Amino acid sequence: MFSTEFLDLPPLLGASGSVTLPGSKSISNRVLLLAALCEGTTTIHDLLDSDDTRVMLAALRTLGCGVQENGSTVEITGLGGRLGTAPAKLFMGNAGTAMRPLTAALAVLGGDFELSGVPRMHERPIGDLVDALRQLGCHIDYLGQDGFPPLRIGKPNLKLDAPIQVRGDVSSQFLTALLMALPLVATKDIVIEVVGELISRPYIEITLNLLARFGVQVRRDGWQRFTIPAGCKLQSPKVLHVEADASSASYFIALGAISMGVRGQNGIKIQGVGADSIQGDIRFIDAAKQMGARIESGPNWLEVRRAAWPLKAIDLDCNHIPDAAMTLAVMALYADGTTTLRNIASWRVKETDRIAAMATELRKLGATVVEGADFIRVTPPTSAQDWRAASIHTYDDHRIAMCFSLAVFNPAGLPVRIEDPKCVAKTFPDYFETLFSVAQASATHIPVVCVDGPTASGKGTLAAVVAEKLGYHFLDSGSLYRITGLAATRAGIALEVANQEAIVALLRSLPIRFEGSHILLDGEDVSDAIRTEEAGMNASRVSAFPLVRGALVDFQRNFRQLPGLVADGRDMGTIIFPNAPLKVFLTASATCRAERRYKQLISKGIPAILADLRADLEARDARDSSRPVAPLKPAEDAQLLDNSDLTVDSSVEIVLDWWQSKQPFKSA
Ligand SMILES: Nc1ncnc2c1ncn2[C@@H]1O[C@H](COP(=O)(O)OP(=O)(O)O)[C@@H](O)[C@H]1O
Ligand SMILES: Nc1ccn([C@@H]2O[C@H](COP(=O)(O)OP(=O)(O)O)[C@@H](O)[C@H]2O)c(=O)n1
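Residues numbered from 1 in each chain as written. Chains lettered and ligands numbered in written order. Predicted model: local features only at pLDDT ≥ 70, side-chain atom pairs only at ≥ 80, totals over all residues.

As annotated in UniProt, the feature "binding site: ATP" (unreviewed entry) corresponds to G453, P454, T455, A456, S457, G458, K459, G460 and T461 in the numbering used here. Considering the arrangement of structural elements, one finds T455 in the loop between β26 (448-452) and α13 (459-470). Classification of T455 by C-beta neighbours within 10 Å gives buried; the count is 24. Look past the residues within four positions of T455 in its chain and what remains in contact with it is G536, R593, L617, R620 and D621. Checked against the element boundaries, G458 lands in the loop between β26 and α13. Beyond its immediate chain neighbours, meaning those up to four positions away, G458 contacts L586, A588, N643, V648 and S651. (UniProt positions renumbered as here; feature names shortened; annotations may be inferred. Helix = DSSP H or I, 4+ residues; strand = E, 2+ residues; numbered from the N terminus. Buried ≥ 20, exposed ≤ 12 C-beta atoms within 10 Å, placed from the backbone. Contact = placed C-beta atoms within 7 Å.)

Take a look at the structure:
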């Protein structure tokens, strides 16, 4: 997951390959609650690991449920419809799929509970559900504003005779919440009547489908009247597999529809969800087909290819696919005219006001957008020149972050900045990693920040922090020469130019792997062994051999991967990445560098003598600068930074400012 302040996505050439998607949020949280309410143990496979499911799991633990986690498999030992008597405070974050159904279940069972969430949760309406539960005799008080969380729940005095009325035109989650809670108390038939036209019906179908898996057959008359049969009982299905999330699939369906194939392959294969899905959002495939995608499907897979191009503009009632329809709004940027998405009033009460948010962000990219109470109309930028490089605000809304990543196929070849990319954690923590695993950018579009300079100038320290702040990969090129020196010495090869062929042959035979901050040489962790001063000196020697340098060129260039790279060394800007958009040449006085190295070694418990270090460092500088191949010198277009009097933080800030000043985005 990217926990950076923003993530810059380079323009992409195309995408192809296979992706496996995380479990459906809607199914995951429903199944967790049903498993918690029934008797016995339920093993749930492929559960989504996300903010919303973590909120639910934490709440279930607080309520006394048994929860055993083992990767994506979770075992829930249910409460059998009985709650403990201890008062409990439950924090629901911004998880509507936890807040609504838990409110209903706790209210009918009764107790002393407080349910609260993040500030946005306290702006999301729950009054219609509370009104329905009060008709049943449930005891619920508002602790803040009437109609909104936080709530206090007390003991009910249940009255089950009259039909319960619930509004269905704001959120279908209210009805879902009642349907899942009422089997706990159905000593007689309980009838729920929906007031107003029920929106998001497919979500109700998921609820009914899962209730059936837990042994409760709800009777349905149209979409207005639902009966929970007397005497029904939630029963554990023992084992259950969660389907991949169909709304998450929408980004990859759109990706297949928009992108050209790459690496000789065509199309995107999506594993874990297929045409037989119980999720309503799977109908997104029909909308994508209307816009021009070619889609094949099996019971648990989909394969999507670009067919019509540009895509075809559509005018669609999206009531049946409210979440996935946001993806259509971004696909509309690639259409041959104006696309209208209708009947999406529910967007206004989601994680954010999604109609307003989509309109604002689409306009930033250059689109013309008209928004209404329950529709959005998107006209793409007229020509490539009308596209803008935008910094997309994401409103703590995972879907906005994911769908706007698709703007990277813009014909102007502009990058797209996604602010607060970690908001995808709500449903798809590894969304961007999954996108990068199938996407391809032209190498020249993948940004590289080069940090070159003499020993102990702080290159490694600076480069690692800059990489972390930008969410980029990090290449410590010096470590490659250090490994080479170490391997040759261990093999008894003298570090002389006459032996360079033997050293290269050895290098080619030894697999080098980077695992986080650890470096493995033929499976052995050599991270510490290569950090001694002696290893540094040996590195400096082998690095002067032209064949050794040549052998490492492609290896280093292969680190240029999406979304970007920060590379530190001596020749990053001059030889390895000559077209890098930012090259920093970092220096500090010899005294300063010797002192830093001295402190660094002493702090690691390695004995050192300052005068010797300074002499070694000057010898190394001299050798690195005077060697005929790739001598240490600033690239012509490098920006010089002497950090003798700067802290690490201020050096990082300067380099990040230089980086920002090169970006085309208007606002961060
Ligand atoms: N700007 C700075 N101010 C003070 N100390 C620094 C600065 N940059 C790095 N250091 C310290 O100097 C030492 C050497 O830095 P390092 O990143 O290993 O250098 P290099 O990669 O250039 O050899 C480290 O202990 C580091 O914490
Ligand atoms: N791109 C690079 C990186 C390192 N090197 C050599 O490898 C040695 C060790 O590199 P390093 O970056 O780990 O060393 P320090 O800067 O930490 O001393 C340096 O002294 C250079 O001689 C190089 O020639 N080219």
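Our next topic: the environment of V497. In this fold, V497 is placed in the loop between α14 (477-490) and α15 (500-509). Given 13 C-beta atoms within 10 Å, V497 falls into the partly exposed group. On a C-alpha basis, the gap between V497 and V542 in space is 7.9 Å, while along the polypeptide they are 45 residues apart.

Before going further, it helps to spend a moment on the pairing of strand β4 (residues 41-45). On β4, burial follows the alternation: T42 and I44 on one face are buried, whereas T41, T43 and H45 on the facing-out side are not. Where β4 lies against strand β6 (residues 73-77), four bridges are found, and the strand directions are antiparallel. Residue pairing in the sheet places I44 in a bridge with V74 of β6. One ladder, built from three bridges, connects β4 with strand β15 (residues 239-241); its direction is parallel. (Pairing = 2+ DSSP bridges.)

If you check the domain split of the chain, you get domain 1 (6-21 + 246-442), domain 2 (25-241) and domain 3 (446-661). Computed over C-alpha atoms only, the centres of domain 1 and domain 3 are separated by 40 Å. Each partner contributes to the interface: domain 1 provides seven residues, whereas domain 3 provides five residues. The element that contributes the greatest number of residues to the side of domain 1 that touches domain 3 is strand β1 (residues 6-9), accounting for three residues. Here the residues of the side of domain 1 that touches domain 3 are counted per class, giving six nonpolar, no polar and one charged. (Domains from an automatic or database assignment. Nonpolar A, V, L, I, M, F, W, Y, C, P; charged D, E, K, R; others polar.)

What surrounds ligand 1 is a group of 15 residues, the closest being G458, K459, G460, T461 and R596. Among the elements of the structure, α13, α19 (590-603) and α21 (648-661) are those that each provide at least two residues to the shell around ligand 1. (Near = placed C-beta within 6 Å.)

Moving on, we get to unusual backbone geometry. Residue P150 is reached from P149 by a cis peptide bond, and omega for that bond is 5°. The residue P150 is located in the loop between β9 (140-142) and β10 (151-153) in this model. Note the cis peptide between W309 and P310, where omega equals 0°. You can see P310 is positioned in the loop between β18 (301-306) and β19 (315-317). Positive phi, normally seen in glycine, also occurs at Y395, with a value near 55°. One can find Y395 in the loop between β23 (391-392) and α11 (398-404). Notably, D522 is not glycine yet its phi reads approximately 50°, a positive angle. Assignment of secondary structure puts D522 in the loop between β29 (518-521) and β30 (524-525).

So, on to the UniProt feature "binding site: phosphoenolpyruvate" (unreviewed entry) in the chain. In the UniProt entry, the feature "binding site: phosphoenolpyruvate" (unreviewed entry) is given for K25, G96, R124, Q173, R354, R399 and K426. Looking at where Q173 falls in the secondary structure, it is placed in helix α5 (residues 173-181). Here Q173 falls in the buried class, since 24 other C-beta atoms lie within 10 Å of it. Apart from residues no more than four positions distant in its own chain, Q173 is found in contact with G96 and R100. Relative to the assigned elements, K426 resides in the loop between β24 (416-419) and α12 (431-438). Excluding residues that lie within four positions of it along the chain, K426 makes contacts with S50, D51, D52 and H398.

Looking at where T73 falls in the secondary structure, it is placed in strand β6. Residue T73 is classed as partly exposed on the basis of its 14 C-beta neighbours within 10 Å. Separated by 114 residues in the primary sequence, T73 and T187 place their C-alpha atoms 34 Å from one another. Setting aside its immediate chain neighbours within four residues, T73 contacts T43, I44 and H45.

Backbone-to-backbone hydrogen bonds join strands into a sheet, with any given pair of strands oriented parallel or antiparallel. The strand order across the open sheet formed by four strands is β7-β8-β10-β9, and the pairing between neighbours is mixed. Every interior strand has two partners, whereas the edge strands, β7 (88-91) and β9, have only one. Recorded for the sheet is a direction-independent mean angle of 20° between the axes of neighbouring strands. As defined by bridge partners, β7 adjoins strand β8 (residues 113-116) across four bridges and the pair is classed as parallel. Looking at β8, one finds that F91 is bridged to S116. The strands touched by helix α3 (residues 96-109) within the sheet are β7, β8, β9 and β10, with β8 carrying the most contacts at an inclination of about 170°. (Axes fitted to C-alpha atoms, helices over the stretch in contact; angles between N-to-C directions.)

Read across the sheet, four strands follow the order β11-β12-β14-β13 without closing on themselves; strand pairing throughout is mixed. Among the strands making up the open sheet, the edge pair consists of β11 (164-167) and β13 (219-221). Between one strand and the next, the sheet's axes are offset by a mean angle of 25°, whatever the strand orientation. Pairing between β13 and strand β14 (residues 225-228): three bridges, direction antiparallel. Within the sheet, the bridge partner assigned to D221 lies in β14 and is R225. In the packing of α5 onto the sheet, the strands contacted are β11, β12 (190-195) and β14, and the crossing angle to β11 comes to about 150°.

All right, on to the site of ligand 2 then. The environment of ligand 2 is formed by 17 residues, the closest being T455, G478, S543, G569 and R570. In terms of residues, the shell around ligand 2 owes the most to one element, α14, which gives five residues. Taken together, the residues of the shell around ligand 2 break down into three nonpolar, nine polar and five charged.

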